[in-house]
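Given next are the chains, with one letter for each unit.
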Amino acid sequence: MWRAARLGRGVALGLLLTVHAVAAFEPITVGIAIGAASALTGYLSYKDIYCRFAECCREEQRLNASALKLELEEKLFGQHLATEVILKALTGFKNNKNPKKPLTLSLHGWAGTGKNFVSQIVAENLHSKGLKSNFVHLFVSTLHFPHEQQIKLYQDQLQGWIRGNVSACANSVFIFDEMDKLHPGVIDAIKPFLDYYEQVDGVSYRKAIFIFLSNAGGDLITKIALDFWRAGRKREDIQLKDLEPVLSVGVFNNKHSGLWHSGLIDRNLIDYFIPFLPLEYRHVKMCIRAEMRARGSVIDEDIVTRVAEEMTFFPKSEKIYSDKGCKTVQSRLDFH
């Protein structure tokens, strides 16, 4: 009896190894092997085993809030508002088993302040493969929606892409980069999916997440940050209420925001407008150190200072903020 059980486990292990070996070649063979392994072991379901070798959409997967918090605090520099709001928004949304609408975040600020970096961190914390996941979808305005005369086509395509992907995975993530380069009206095609509907044409979008990335509003954010600095107040004293109303109105009235007179704002369908503050000299040095660590290099403070001093800062009189944030740190570090 013991030998038979041992033999069964051995055969099951062999079949599981077979699954791993053939997974890249023939789905039918994978299914047969998984089914046989399940029958022999008696406790592994088809989905349990299949998901060990292929990416699955796990609708009940919980967010590790502690891991997300640690990653944001250790890797995102100078953005206390973004860290706080994104953590609270994602944690609250993922802990709600019955959200009334999808979570929609709009990230604003100059290039190099961390918007794309944050979207990558969020994607990786929601789906293990991050931006490479089948359930994370990145749209770039200049690539996917380049021609103004084809707005109607883009609207139809966008609705089809989102409908199909949410049908396949309810907790899909959609990231729209370069919103400030998106032709007005395109994004309004997704308005029905962001609204408080239980279903739209038989599909529920309530567990999906939409993230917009935009340079629009960077001037408004900088003005308020500069006002705080000139008044002798710390940037950490800036609160969301100081910026969010200004941002929402500013991008709504900005023809180059991608959200100009958008129903998404008019209907209050964007849950948070998240400001990314312009980065100071000290934050640029933090970025340089982080890049050196990522490369496995020893932190050389002389190099850190030299690279930071090569960057240009504004306004001309005070030279407080890096005009490219940390965007060119990698390329500049290559010369040292």
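What counts and what doesn't
- Residues numbered from 1 in each chain as written.
- Predicted model: local features only at pLDDT ≥ 70, side-chain atom pairs only at ≥ 80, totals over all residues.
- Heavy atoms only, no water.
- Salt bridge = Lys/Arg side-chain N within 4 Å of Asp/Glu carboxyl O.
- Helix = DSSP H or I, 4+ residues; strand = E, 2+ residues; numbered from the N terminus.
- Buried < 20%, exposed > 50% of the residue type's maximum accessible area, 1.4 Å probe, protein only.
- Disulfide = S-S within 2.5 Å.
- UniProt positions renumbered as here; feature names shortened; annotations may be inferred.
- Contact = heavy atoms within 4.5 Å.
- Axes fitted to C-alpha atoms, helices over the stretch in contact; angles between N-to-C directions.
- Parallel < 35°, antiparallel > 145°, perpendicular 65-115°, else oblique.
- Left-handed = near helix turned anticlockwise from the far one by under 90°.
- Nonpolar A, V, L, I, M, F, W, Y, C, P; charged D, E, K, R; others polar.
- Arc of directions from axis to C-beta.
- Polar contact = N/O pair within 3.5 Å; in protein donor to acceptor, adjacent residues only side chain to side chain.

**Q** How would you explain the pattern of salt bridges if you had to name every residue and give the values?
**A** A complete count under the given rule lists 17 salt bridges for this structure. Between Lys69 and Glu73 there is a salt bridge whose closest N-O contact spans 2.7 Å. Of this pair, Lys69 and Glu73 both sit in helix α4 (residues 65-75), 4 residues apart, which is roughly one turn of the helix. For Lys69, a relative accessible area of 37% translates into the label partly exposed.

**Q** Which residues make up the state of the cysteines, and what values do they have?
**A** Following the criterion strictly, the structure yields 3 disulfides and no others. Each sulfur in the disulfide pair Cys51 and Cys56 lies 2.0 Å from the other. Linking Cys51 and Cys56, the disulfide has an S-S dihedral of approximately -95° and is accordingly described as left-handed. A residue is classified by how much of its surface remains accessible, and Cys51, at 12% relative accessible area, is buried.

**Q** Help me get a handle on the UniProt feature "binding site: ATP" (unreviewed entry) in the chain, residues and values and all.
**A** According to UniProt, the feature "binding site: ATP" (unreviewed entry) maps to Gly109, Trp110, Ala111, Gly112, Thr113, Gly114, Lys115 and Asn116 in the numbering used here. Mapped onto the secondary structure, Trp110 falls in the loop between β1 (103-108) and α6 (115-126). Classification of Trp110 as partly exposed rests on a relative accessible area of 34%. Those residues in contact with Trp110 that sit more than four places away from it in its chain are Lys115, Asn215, Gly218, Asp219, Thr222 and Phe314.

**Q** Which residues make up unusual backbone geometry, and what values go with them?
**A** Most peptide bonds adopt trans geometry, and most residues besides glycine take a negative phi value. Residues Phe314 and Pro315 are joined by a peptide bond in cis, for which omega reads -10°. Tracing the backbone through its elements, the reader meets Pro315 in the loop between β6 (313-314) and β7 (321-322). A positive phi angle, close to 50°, is found at Asp201, a residue other than glycine. When you line up the elements, Asp201 lands in the loop between α9 (191-194) and β4 (209-214). A relative accessible area of 67% places Asp201 in the exposed class.

**Q** How would you summarise the packing of helix α5 (residues 80-95) against α6 if you had to cite specific residues and measurements?
**A** Two measures define how a pair of helices packs: the angle their axes make with one another and the distance between the axes. The contact between α5 and α6 brings their axes to 12 Å, and the two run at 25°. Taken together, α5 and α6 sit at an angle that is classed as roughly parallel. Of the two possible hands of crossing, α5 and α6 adopt the one that is right-handed. Contacts between α5 and α6 involve Ile86, Leu90 and Lys94 from the first element and Val118, Val122 and Leu126 from the second. In terms of residue class, the contact of α5 with α6 is built from 5 nonpolar, no polar and 1 charged.

**Q** Kindly report on helix α14 (residues 301-310), identifying the contributing residues and their values.
**A** Listed in full, the buried residues belonging to α14 are Ile303, Val304, Val307 and Ala308. The buried side chains of α14 occupy one side of the element, clustering within an arc of 130° when seen end-on. Turned more than 90 degrees off the buried face of α14, the exposed positions are Asp302 and Glu309. Those residues of α14 hidden inside the fold are in contact with α13 (281-294), β6 and α15 (329-333). Between the side-chain oxygen of the N-cap and the backbone nitrogen of Asp302 there are 2.9 Å, and the N-cap of α14 in question is Asp300.

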